[in-house]
Amino acid sequence: MAAAVTARLPHPHAPADAGTRSKAGGEAAGRDVDALLRRLRELGELHRSGVLTDEEFAFAKQAVLRRF
């Protein structure tokens, strides 16, 4: 399961502006924040349930935050 979660993450060397930052406007920015919070919550739940190790969780969280 952890491999499936990591596979959905952006490549570590992907440009920071790839993805959600390319959207313009306040409404799009609000959706970006909502998506970020949903993703972080999902990662937290996977970590709490034991699906992700501490190391996997930290890596995944950093990858998500770098994209934002």
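Quick note: structure is the one above.
A brief structural summary.

1. Side note on the overall build of the protein
Looking only at helices and strands, one finds three helices and zero strands in the protein. Ordered by position in the sequence, the α and β elements of the protein form the string α-α-α. For the protein, with 68 residues in total, the buried portion stands at 22%. Long-range pairs, those at least 24 residues apart, make up 72% of the contacts in the protein between residues at least 6 apart in sequence. Carbon and sulfur atoms make up 57% of the accessible area of the protein, which amounts to about 4,700 Å² in all.

2. A closer look at the environment of H47
For H47, the location among the structural elements is in helix 2 (residues 26-48). Taking C-alpha positions, H47 is 6.2 Å from F57, a pair spaced ten residues apart along the chain. Ignoring sequence-local partners within four residues, the contact set of H47 consists of L52, T53, D54 and F57. In this structure the side chain of H47 is engaged in a polar contact, spanning 2.6 Å, whose partner is the side chain of D54.

3. Some thoughts on the nonpolar core
Formed by L36, L43, L46, L52, F57, A60 and V64, the largest nonpolar core amounts to seven residues. Counting residues per element, the ones that place at least two in this core are helix 2 and helix 3 (54-67). For F57, the residues in contact, after removing those within four places along its chain, are L43, G44, H47 and L52.

4. Some points on a nonpolar patch on the surface
Where nonpolar side chains cluster on the molecular surface, the patch consists of V33, L37 and F68 and spans about 230 Å² of accessible area. Assignment of secondary structure puts V33 in helix 2. In this structure V33 comes out as partly exposed when scored by relative accessible area, which is 34%.

5. Section: the pattern of salt bridges
Two side chains of opposite charge can pair, provided their charged atoms sit close to one another. Enumeration over the complete set of coordinates arrives at one salt bridge. Between R39 and E42 there is a salt bridge, and its shortest N-O distance comes to 2.1 Å. With R39 and E42 both in helix 2, this residue pair falls three residues apart, about one helical turn. Here E42 falls in the partly exposed class, since its relative accessible area comes to 31%.

6. Side note on helix 3
With 14 residues, helix 3 extends 20 Å from end C-alpha to end C-alpha; this agrees with the ideal 20 Å at 1.5 Å per step. Every buried residue of helix 3 is listed here: F57, A60, A63 and V64. Viewed along the axis of helix 3, the buried residues span an arc of 130°, placing them on a single side of the element. Turned more than 90 degrees away from the buried face of helix 3, the exposed residues are D54 and E55.

What counts, and where the lines are drawn
- Every chain's residues receive numbers from 1 upward, in the order its sequence appears when written.
- Note on the predicted model: pLDDT of at least 70 is required for a residue's local features to be given, and 80 or more for side-chain atom pairs to be given and counted; whole-chain, interface and lining totals, by contrast, use all residues.
- To obtain the side-chain values, all non-hydrogen atoms of the structure were included, while hydrogens and water were left out.
- Secondary structure elements are defined from DSSP: runs of H or I of at least 4 residues count as helices, runs of E of at least 2 residues count as strands, and each element is numbered from the N terminus.
- Residue exposure (1.4 Å probe, protein chains only): buried if accessible area is under 20% of the type maximum, exposed if over 50%, otherwise partly exposed.
- By definition, residues are in contact when any of their heavy atoms lie within 4.5 Å.
- Computed with the Shrake-Rupley method and a 1.4 Å probe, the accessible areas treat only the protein chains shown as cover for residues.
- Within 3.5 Å is the distance limit for a polar contact, defined as a pair of N or O atoms, with the added protein rule that one can donate a hydrogen and the other accept it, and that residues adjacent in sequence qualify only through two side-chain atoms.
- Take the buried residues of types Ala, Val, Leu, Ile, Met, Phe, Trp, Tyr and Cys, join any two whose side-chain atoms come within 4.5 Å, and each joined set is a nonpolar core.
- Two joining distances apply to patches: 9 Å for like charges and 5 Å for nonpolar side chains (Val, Leu, Ile, Met, Phe, Trp, Tyr), and every residue must have over 30% relative accessible area and no salt bridge.
- One side-chain nitrogen of Lys or Arg within 4 Å of one carboxyl oxygen of Asp or Glu is enough to make a salt bridge.
- Expected helix span is given by 1.5 Å per residue-to-residue step, counting one fewer step than there are residues.
- What the arc covers is the set of directions going from the helix axis to the C-beta atoms.

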